[in-house]
Amino acid sequence: MDMNLIDTIDYYAYIKPKMTPEKCGDTGLFIIEGNVLLFALLDVLGHGATAYKVAEKARIYLESNFNQDLVSVMKNLHQHLLGTIGLVGNLASLNLEDGTLSYVGIGNVRAKVYGNERFSFVNRDGIVGYRMPEPKLKIVQINRGDSILMFSDGISNRDILLEEDLGFFNDSAKSTTTRIVTEMGNKNDDKACLIVKY
């Protein structure tokens, strides 16, 4: 991959468990494959050690099997997690050369794009590893300067909506995700937020 291309984007995932030092059932992942950034945000049902084990099982699986065929990856992840408590999550790929963003989402993990045009992805209802419908691939074009935001249900969507016009993405991805989780997170739930600034 052209290292100058990856250096032009900023990305980060901030994860916080329901209680410290409890283990977390939310997880985020980034993988670089040629000129494509693959990323995922997953939220396992429940909390604590049991949820953490499922999150780790999913993360380890994706580290070895994540690719640009997002529908197949989601289906295979579902098969891999059968018999667990299951999870909800988003898988995405961003072509860093032309801004093509591909996306698959199951359950109540949210994903939005902010830029000249703003929009939210609509996930299919279901639970990966329990009962999952056929994943639906969505492909959109984004522009330089756009930001992709994903967050688990431990983050208040209402607060995100209130903040999005207040210079929300002026800081680094790390600063923004940290702020979202610490200021808008539900203290009674695991929390995860991921941002890719293209």
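Overview of the structure. Quick caveat, the model's predicted, so the values are computed rather than measured.

So, the overall build of the protein chain
- When helices and strands are counted, the protein chain shows five helices and ten strands.
- Its C-alpha radius of gyration of 16 Å places the protein chain within 12% of the 16 Å reference for a compact globule of 198 residues.
- Overall size of the protein chain, expressed as C-alpha extent along the three principal axes, is 40 × 35 × 30 Å.
- Considering only contacts in the protein chain between residues 6 or more positions apart, those separated by 24 or more positions represent 69%.
- Surface summary for the protein chain: the accessible area is close to 9200 Å², and the carbon and sulfur share equals 47%.
- In the protein chain, which carries 21 positive and 25 negative side-chain charges, the distance between the mean positions of the two groups comes to 7 Å.

With respect to the environment of S64
- Looking at the element boundaries, S64 is found in helix α2 (residues 48–65).
- Spatially, the C-alpha atoms of S64 and V140 are 26 Å apart, while their sequence positions differ by 76 residues.

What about the packing of α2 against helix α3 (residues 70–81)?
- Orientation of α2 relative to α3, taken along the N-to-C sense of each, is 140°, at an axis distance of 11 Å. With respect to α3, the element α2 is oriented oblique. Between α2 and α3 lies a crossing of right-handed hand. Mapping the contact onto sequence places V54, K57, A58, Y61, L62 and N65 in α2 and V73, N76, L77, H80 and L81 in α3.

What to know about the packing of aromatic side chains
- Enumeration according to the criterion identifies four aromatic pairs in this entry.
- Between Y11 and F30, the ring centres sit 4.7 Å apart and the planes meet at 50°, which makes this aromatic pair tilted. Of this pair, Y11 sits in strand β1 (residues 10–16) while F30 sits in strand β2 (residues 26–33), and the two are 19 residues apart along the sequence.
- Taking the relative accessible area as the measure of exposure, F30 reaches 23% and is therefore partly exposed.

Quick notes on the sheet that holds strand β6 (residues 110–114)
- Strand order in this open sheet of five strands is β1-β10-β9-β6-β7, and the pairing throughout is antiparallel. The two strands at the open ends of the sheet, each matched to only one other strand, are β1 and β7 (119–120).
- Direction of pairing for β6 relative to strand β9 (residues 147–151): antiparallel, over a ladder of five bridges. Bridge pairing in β9 links R110 to F151.
- Contacts from helix α5 (residues 173–184) reach β1, β9 and β10 (191–197), with the element oriented near 155° to β10.

Some remarks on the nonpolar core
- By size, the foremost hydrophobic cluster in this structure holds 26 residues, and its most contacted members are L62, F66, M74, L81, L87, L91 and V128.
- For this core, the secondary-structure elements that each account for two or more residues are β2, β3 (36–44), α2, α3, β4 (87–95) and β5 (100–106).
- The residues contacting L62, other than those within four sequence positions of it, are L29, I31, A40, L42, V73 and L91.
- Ranked by size, the runner-up nonpolar core spans 23 residues in total, among them I6, A92, L96 and Y198.

Quick notes on the sheet that holds β2
- In spatial order, the strands read β2-β3-β4-β5-β8; together these five strands make up an open sheet with antiparallel pairing. Where the open sheet ends on each side, the last strands, each with one partner, are β2 and β8 (138–141). Averaged over all pairs of adjacent strands, the angle between their axes in this sheet comes to 15°, without regard to strand direction.
- Note: β5 against β8, four bridges, orientation antiparallel. Looking at the pairing, S102 lines up with I139 of β8.
- Helix-sheet contacts for α2 involve β2, β3 and β4, and the interaxial angle to β2 is about 5°.

So, α3
- A rise of 1.5 Å per residue sets the reference length of α3, with its twelve residues, at 16 Å; its end C-alpha atoms lie 16 Å apart and thus fit the reference within 8%.
- Within α3, the full set of buried residues consists of L70, V71, V73, M74, L77, H78 and L81. One side of α3 carries all its buried residues, which in axial view fall inside an arc of 165°.
- Next to the buried residues of α3 lie α2, β4 and β5.
- Just past α3, the residue G83 takes up positive phi, approximately 90°.

Reading the values: rules and limits
- Residues numbered from 1 in each chain as written.
- Predicted model: local features only at pLDDT ≥ 70, side-chain atom pairs only at ≥ 80, totals over all residues.
- Heavy atoms only, no water.
- Helix = DSSP H or I, 4+ residues; strand = E, 2+ residues; numbered from the N terminus.
- Rg over C-alpha atoms; globule rule 2.2 N^0.38 Å.
- Contact = heavy atoms within 4.5 Å.
- Areas by Shrake-Rupley, 256 points an atom, 1.4 Å probe, with all protein chains shown as cover.
- Lys, Arg positive; Asp, Glu negative; His and termini not counted.
- Charge placed at Lys NZ, Arg CZ, Asp CG, Glu CD.
- Axes fitted to C-alpha atoms, helices over the stretch in contact; angles between N-to-C directions.
- Parallel < 35°, antiparallel > 145°, perpendicular 65-115°, else oblique.
- Left-handed = near helix turned anticlockwise from the far one by under 90°.
- Phe/Tyr/Trp six-rings, centres within 6.5 Å; stacked < 30°, edge-to-face > 60°.
- Buried < 20%, exposed > 50% of the residue type's maximum accessible area, 1.4 Å probe, protein only.
- Pairing = 2+ DSSP bridges.
- Core = buried A, V, L, I, M, F, W, Y, C linked by side-chain atoms within 4.5 Å.
- Expected span 1.5 Å × (residues − 1).
- Arc of directions from axis to C-beta.

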